[in-house]
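Listed here are the chains, written in short residue letters.
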Amino acid sequence: MNYNKKSIEDIDVAGKRVLCRCDFNVPTKEGRITSDKRIVAAMPTIEYLVNKGAKVILCSHMGKPKGEWKPELSLKVVADRLSQLLGKEVIMASDVAGEDSKAKAAALKNGDVMLLENTRYIKGETKNDPELSKALADLADIFVNDAFGTAHRAHSSTAGVADYLPAVSGYLVQKEVSIMGKALANPERPFVAILGGAKVSDKLNVINNLLEKVDTLIIGGGMAYTFLAAQGYSVGKSLVDNEKLDYCKEMMAKAEAKGVKLLLPVDTAIAASFPSPIDAEIPVEYVDCTAIPADQMGLDIGPKACAEFAAAAKAAKTVVWNGPMGVFENPTLAKGTIAVAQALADSDAVTIVGGGDSAAACEQLGFANAITHISTGGGASLEFLEGLELPGIACLEDK
Ligand code: ADP
Ligand code: MG
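Residues numbered from 1 in each chain as written. Chains lettered and ligands numbered in written order. Predicted model: local features only at pLDDT ≥ 70, side-chain atom pairs only at ≥ 80, totals over all residues. Heavy atoms only, no water.

Draft legend 1. Highlighting the packing of aromatic side chains. Applying the stated criterion across every chain, the model contains 4 aromatic pairs. With centroids separated by 6.2 Å and ring planes inclined at 55°, the aromatic side chains of Phe148 and Phe384 adopt a geometry described as tilted. Placement of the pair is Phe148 in the loop between strand 7 (142-145) and strand 8 (167-169) and Phe384 in helix 12 (residues 379-385), with a sequence separation of 236 residues. Members of the aromatic cluster, connected to one another through ring pairs, are Tyr3, Phe148 and Phe384. Its end group placed over the ring of Tyr164, Lys134 keeps NZ or CZ at 6.0 Å from the ring centre. (Phe/Tyr/Trp six-rings, centres within 6.5 Å; stacked < 30°, edge-to-face > 60°. Helix = DSSP H or I, 4+ residues; strand = E, 2+ residues; numbered from the N terminus. Lys NZ or Arg CZ within 6 Å of the ring centre and 35° of its normal.)

Here is the structure:
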């Protein structure tokens, strides 16, 4: 995939109708927005378009209405918040690309901003239905994609619409693509990847792909125990994906053949059961990973692994991290995740964090500002790291 895509700065938007796909999929409770982070994050692109005198038509999905007009998933709350942030009225359409949207889009003056209804109110959206793509395109002269979180989906409003309009990236997508694209295409070395989290199977392809690129691959978190089991160690009641043992063996052989250093935790925090509730106080012990008792489970990496992983991360020039090192939601089991986050924060390397829980961990633990780039995409950032082509990015014009 070509990462060198045109952005809003590479196209003349003055006086043009610009359809801008944003990620306004904000959490709400009883009709109120509980975090406006994503709306705030979209402001630089919107303000640029407004200041350049574009006629701005925003769109997004929210939740999963699956083609039904669920009033609790209306974007009206977003329009209200946007109006406050912009200090001017954001015109709310009552449909997605229907009569009301058409009339309101036609009446826009330079610098006006309107918002369409939830794109997933229309069944065709997630099917990338050309009819919806065409209807969206008919509202505008230019398409801007500024929603990285949905860039791995080929939907009408994320990719299909670009079949009919010149398409460029907004600032958010541009940042994701330039930082992550550079890290992957031409990384400063040593290049270290750190993987963790709960499911090996979800991240299998990533491991395979990263082994082609990195100098060191660190595996911690719940994923590590499947690798340890594949090495023949008993891992007690730890999370193990028994169907992936052969795969893990293959990956270890591949790492060796490629000269990639594969680091697994040498020690681990163990407890008799998973904490419930997740942040409950829990007695833990630390043992070597070769000596996990049958009635115990590994819930975090141990102090020796923390030191080893942190040293490898600190020596790197590029680090990508996806997946916490342990059950970080529990203070006792957050030590491994904190150690890795601290190492990233302390290093001069380009540091990239992807994955919803990993991003949340960095924020909760107070490291977010010291990381080069925290991706806004969970699935999208993983697919990006896998080297897959993301439809919402591939559809944009090359520079
Ligand atoms: P991300 O969202 O960053 O991609 P995942 O969703 O794959 O990460 O995994 C995050 C979850 O993994 C966290 O909720 C964490 O509690 C859990 N986890 C980490 N280590 C373990 C472990 N050893 N055993 C069970 N769960 C774990
Ligand atoms: Mg997750």
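Draft legend 2. Summary view of unusual backbone geometry. Here Arg189 and Pro190 are connected by a cis peptide whose omega angle stands at 0°. Locating Pro190 in the fold gives a position in the loop between helix 5 (171-185) and strand 9 (191-195). Here the bond from Ser276 into Pro277 is cis, since omega is -5°, no more than 30 degrees from zero. If you check the backbone angles, Lys66 has positive phi at about 50° while not being a glycine. The backbone of Asn128 shows a phi angle near 55°, a positive value even though the residue is not glycine. Within the secondary structure, Asn128 is located in the loop between strand 6 (113-115) and helix 4 (130-138).

Draft legend 3. Highlighting the sheet that holds strand 4 (residues 55-59). Here we have 6 strands laid out as an open sheet, ordered 5-6-4-1-7-8, and parallel in their pairing. In this open sheet, the two edge strands, each paired with only one partner strand, are strand 5 (90-92) and strand 8. This sheet shows a mean twist of 25° between the axes of neighbouring strands, independent of strand direction. With 5 bridges connecting them, strand 1 (residues 17-21) and strand 4 associate as parallel partners. What sits directly across from Val18, in strand 4, is Val56. (Pairing = 2+ DSSP bridges. Axes fitted to C-alpha atoms, helices over the stretch in contact; angles between N-to-C directions.)

Draft legend 4. Spotlight on the pattern of salt bridges. Across all of its chains, the model carries 16 salt bridges by this definition. Close ionic contact of Asp246 with Lys249 constitutes a salt bridge, the shortest N to O distance being 3.9 Å. In this pair, Asp246 and Lys249 both sit in helix 8 (residues 245-258), 3 residues apart, roughly one turn of the helix. Since its relative accessible area comes to 54%, Asp246 is described here as exposed. On the basis of relative accessibility, which here comes to 45%, the residue Lys249 falls in the partly exposed class. Ionic pairing is found between Asp288 and Lys304, a salt bridge with its closest N-O pair at 2.9 Å. In this pair, Asp288 is assigned in strand 13 (residues 285-288) and Lys304 in helix 9 (residues 303-314), connecting sequence segments 16 residues apart. According to the relative accessible area criterion, Asp288 is partly exposed, its value standing at 34%. The exposure class of Lys304 is partly exposed, given its relative accessible area of 46%. In the salt-bridge network here, residues are joined through shared partners; they are Glu212, Lys254 and Lys258. (Salt bridge = Lys/Arg side-chain N within 4 Å of Asp/Glu carboxyl O. Buried < 20%, exposed > 50% of the residue type's maximum accessible area, 1.4 Å probe, protein only.)

Draft legend 5. Examining the site of ligand 1 more closely. For ligand 1, the set of nearby residues contains 20 residues, the closest of which are Lys203, Gly298, Glu329, Asp357 and Ser358. One of the side-chain nitrogen or oxygen atoms of Asn322 is found 3.4 Å away from an oxygen atom of ligand 1. Coverage of ligand 1 by the protein chains reaches 85% of its 580 Å² of free accessible surface. Counting residues per element, the ones that place at least two in the shell around ligand 1 are strand 14 (297-301) and helix 11 (356-364). (Near = heavy atom within 4 Å. Polar contact = N/O pair within 3.5 Å; in protein donor to acceptor, adjacent residues only side chain to side chain. Areas by Shrake-Rupley, 256 points an atom, 1.4 Å probe, with all protein chains shown as cover.)

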